Amino acid sequence: MNQCGLCERDLEAGYLCPGDTLALGERLERMPKLYGALAGFLSPAVRATTEFVSRSHATASLPVDEAVLDLRYGGIALVLEGWRSDVQRVRGWGEPAITGDVEERVRRAARWLGMELPWIAAAYPAAGDLACEVRELEGAALSIVGALPDRGRRIGQCVAVDSSGVICGAVIRHQPGQTRLVCDWCHCVYATEQDWLLLLHHQPAESA
Ligand SMILES: [Zn+2]
Ligand SMILES: [Zn+2]
């Protein structure tokens, strides 16, 4: 019996549960967009006119924001490329060639990792560390640019069980006014009061 490297739930096999695999895939997909959004925050003067100013950053007086600079010209690309390089190493493939400007490198590394996600979740022992680092990277970027468009409130993890007895675990979100929720991952539907109770009742003790 394995454990998910991120949320530590038990798994039949592999290193990342379906829910965390899905979340990682979404983060990788959003990363180039987030990288692009950071450009607007390079200069604190620009940020002062934006609504999403977090207090900790509002006092910055440097002409260029160092945290943004780190993420844009190192952080994001280097982290993603570092993981790509390690996955290739573990699979016995050569080092990836790194070309293009930083934006291109972010896009390419994020897409490559996204495409290799099934293998990473199933066979890469460090999958949990990868997922954790990508989540932290996204958190750091979001703390600067503010939230990306609202995807709804997280109400829990999907509790559907597949034919092999594995719990789905994908994040279920609720938008205002929605009465019928469908799991993005397994397409399980939550629509009745019974469904809601079941969903709430079977939540993992500590959902991250
Ligand atoms: Zn997990
Ligand atoms: Zn599901």
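Residues numbered from 1 in each chain as written. Chains lettered and ligands numbered in written order. Predicted model: local features only at pLDDT ≥ 70, side-chain atom pairs only at ≥ 80, totals over all residues. Heavy atoms only, no water.

(A) Just the coordination of the zinc ion (ligand 2), in detail. Bound to the zinc ion (ligand 2) on the protein side are Cys-158 (SG), Cys-168 (SG), Cys-183 (SG) and Cys-186 (SG), at distances that span 2.2 to 2.4 Å. Seen from the zinc ion (ligand 2), its four donor atoms lie at angles of 106 to 112 degrees, and the figure they make is tetrahedral. Sequence spacing among the residues donating to the zinc ion (ligand 2) works out to C-x9-C-x14-C-x2-C. Separated by 18 residues along the polypeptide, Cys-168 in the loop between β3 (153-157) and β4 (171-174) and Cys-186 in the loop between β5 (181-182) and β6 (189-190) bring together distant segments of the chain. Take Cys-168: its relative accessible area is 6%, and that puts it in the buried class. Taking relative accessible area as the criterion, Cys-186 reaches 32% and is therefore assigned partly exposed. (Donors = N, O, S within 2.8 Å, 3.2 Å for Na, K, Ca; no water. Tetrahedral: all angles 85-135°; square planar, octahedral: opposite > 155°, others 65-115°. Helix = DSSP H or I, 4+ residues; strand = E, 2+ residues; numbered from the N terminus. Buried < 20%, exposed > 50% of the residue type's maximum accessible area, 1.4 Å probe, protein only.)

(B) Examining the coordination of the zinc ion (ligand 1) more closely. Within the protein, Cys-4 (SG), Cys-7 (SG), Cys-17 (SG) and Asp-20 (OD) serve as the donor atoms for the zinc ion (ligand 1), at 1.9 to 2.3 Å. Given four donor atoms and angles of 103 to 116 degrees at the metal, the environment of the zinc ion (ligand 1) is assigned as tetrahedral. Of the residues examined, Cys-4 reaches a relative accessible area of 2% and is grouped as buried. What makes Cys-7 partly exposed here is its relative accessible area of 26%.

(C) Representation of the packing of aromatic side chains in the model. The tally for this structure, following the rule as stated, stands at three aromatic pairs. Between Trp-93 and Trp-112, the ring centres sit 6.4 Å apart and the planes meet at 85 degrees, which makes this aromatic pair edge-to-face. With a gap of 19 residues between them, Trp-93 in the loop between α4 (66-90) and α5 (102-115) and Trp-112 in helix α5 connect regions that are remote in the sequence. When its relative accessible area of 40% is taken as the criterion, Trp-93 is described as partly exposed. (Phe/Tyr/Trp six-rings, centres within 6.5 Å; stacked < 30°, edge-to-face > 60°.)

(D) Main features of the packing of helix α1 (residues 18-38) against helix α7 (residues 127-145). Where α1 meets α7, the closest approach of the two axes is 10 Å, and the angle between their N-to-C directions is 35 degrees. Crossing angle aside, the handedness with which α1 passes α7 is left-handed. Contacts between α1 and α7 involve Leu-24, Arg-27, Leu-28, Arg-30, Met-31, Leu-34, Ala-37 and Leu-38 from the first element and Leu-130, Ala-131, Val-134, Arg-135, Leu-137, Glu-138, Ala-141, Leu-142, Ile-144 and Val-145 from the second. Split by residue class, the contact of α1 with α7 holds 14 nonpolar, no polar and four charged. (Axes fitted to C-alpha atoms, helices over the stretch in contact; angles between N-to-C directions. Left-handed = near helix turned anticlockwise from the far one by under 90°. Contact = heavy atoms within 4.5 Å. Nonpolar A, V, L, I, M, F, W, Y, C, P; charged D, E, K, R; others polar.)

(E) Structural detail: the state of the cysteines. This model, assessed by the stated rule, comprises zero disulfides. Distance from the sulfur of Cys-188, which forms no disulfide, to the nearest cysteine sulfur (Cys-158) is 4.6 Å. (Disulfide = S-S within 2.5 Å.)

(F) Main features of the nonpolar core. Of all hydrophobic cores here, the largest spans 40 residues; its most connected members are Ile-76, Leu-80 and Leu-113. Elements with a minimum of two residues in this core: α1, α4, α5, α6 (117-123) and α7. In this structure Ile-76 touches Met-31, Tyr-35, Leu-38, Leu-71, Val-106 and Leu-137, once residues within four positions along its chain are discounted. (Core = buried A, V, L, I, M, F, W, Y, C linked by side-chain atoms within 4.5 Å.)

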